[in-house]
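So you can see what is in the structure, the chains are spelled out below.
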Amino acid sequence: MLQRRVVWACALCLLCVAAGGGGAGRCAEPSLRRGRRPLAEGCLVVYVDVGTNIGVQLRKFFQPEHYPGAHAVRVFANSFPTDASVRNGSRPCAFGFEANPSHTASLRRLEAAYTAAGHRLSIATETAAATADGNTTFFFTGKRWNDLGASTMKNAWLAQGRATRVVQAKVRTIDLARWLRAEVFARSEATRPGAAVVMKLDIEGSEVSVLPWLAQCGALCGIGPTMIEMHAHLAEDRTAYVRALEPFMRAARTNSRSELARVVRATPGERCTFQPLLIDDELYSNDNGRPGNAIANRVYGFRPSAPLPLPGRGAPLWPDWAGAQRAADAILIQSRPRPDSLGLTP
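So, here is what we can say about the structure in this document. On a predicted model such as this, the values are computed, not experimentally measured, just so you know.

Looking at where Phe 97 falls in the secondary structure, it is placed in strand E3 (residues 91-98). The sequence separation of Phe 97 and Thr 52 amounts to 45 residues, and the corresponding C-alpha distance is 5.7 Å. Beyond its immediate sequence surroundings of up to four residues, Phe 97 is in contact with Val 48, Asp 49, Val 50, Gly 51, Thr 52, Ala 124, Thr 127, Ile 174, Leu 176 and Trp 179.

What follows is the structure in structure tokens.
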């Protein structure tokens, strides 16, 4: 069950990766904000969308009722509090990171629309999650389908000629471990009952360095369920990729305390809620109302609205993730598809 949590003692300083490697140097301490509050201050629950693409997963966070059957909605429903007394005085917030310049204009419009409706959403465009702050080269095509493999690494998708024209752009990099510790974990709500952080990591091969870096720098224990898409098929050195990430994949497959302990070496006294999930939620990837999976299209139907409506002023500030998931489950039960056909069983 996705709501299962593995809780054990872990350090919030340096954590070590049993597989070795992954670090690009010494972990940076969270920088001084010169009196500025953390970006996630006031947010009881936080969703961090790393590899935002066109922003569909962010929309699933704020408007789950439009995306029945989406894996991410189930994760949100199982992770975030429903009790109004627990939520009182706080907000749900989301942060996105996307490096592809092709998506900059549309993501800025998306951010503006949700902000105008009263939601807390911030999207860092032309910004790649990495192990250090700085700049790097981003490889992309500017075409929707080919850019499914766009990355800061000239990965196998791009190198094998699947894209007819590969272009390059300079983009900003952000030390994701430092950013999480400074802007999310340092919020005052982090110690409140019901506080939760959910993350998605879908960065087309760069997870081979970023995920071990998060562990090394003590930035995993403050996160809860983390949806990770692995990209071994894109790696030019598949052996090195698997060697670096196999401990995380094994921990996700087994969901066992002992396997998780191999990923982050524990020290007594701290509570750790990190839960790796091998989830690649591609339903509704075009954001046109169609799930995109033939069976899911039949079960959930097609909502012919392109794009799907954005929230207006006065919309509820707390999405009803649990209600949306119950409605999706009811549709699934009534349709009676083969149990494993959608991969949506709890």
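Let's pick the thread back up.
The next point concerns the pairing of strand E4 (residues 120-125). Across six bridges, the pairing between E3 and E4 is parallel. Bridge pairing in E4 places Cys 93 opposite Arg 120.

Quick look at the sheet that holds strand E5 (residues 127-130) now. Within a sheet, each strand pairs with its neighbour through backbone hydrogen bonds, oriented either parallel or antiparallel. On the basis of which strands lie adjacent, the open sheet formed by three strands has the order E5-E7-E6 and mixed pairing. In this open sheet, the two strands that pair with only one neighbour each are E5 and strand E6 (134-140). Adjacent strand axes in the sheet meet at a mean angle of 45°, parallel and antiparallel pairs treated alike. The sheet contact formed by E6 and strand E7 (residues 167-175) spans seven bridges and is antiparallel. Its bridge partner being in E7, Asn 135 is matched across the sheet by Arg 172.

On to the pattern of salt bridges, then. Between side chains of opposite charge, a pair can form when the charged atoms approach closely. Going through the model one piece at a time under the given rule, you end up with 10 salt bridges. We note a salt bridge from Glu 259 to Arg 250, for which the minimum N-O separation is 2.8 Å. The exposure class assigned to Arg 250 is partly exposed, which follows from its relative accessible area of 28%.

Basis of the calculations
- Residues numbered from 1 in each chain as written.
- Predicted model: local features only at pLDDT ≥ 70, side-chain atom pairs only at ≥ 80, totals over all residues.
- Heavy atoms only, no water.
- Helix = DSSP H or I, 4+ residues; strand = E, 2+ residues; numbered from the N terminus.
- Contact = heavy atoms within 4.5 Å.
- Pairing = 2+ DSSP bridges.
- Axes fitted to C-alpha atoms, helices over the stretch in contact; angles between N-to-C directions.
- Salt bridge = Lys/Arg side-chain N within 4 Å of Asp/Glu carboxyl O.
- Buried < 20%, exposed > 50% of the residue type's maximum accessible area, 1.4 Å probe, protein only.

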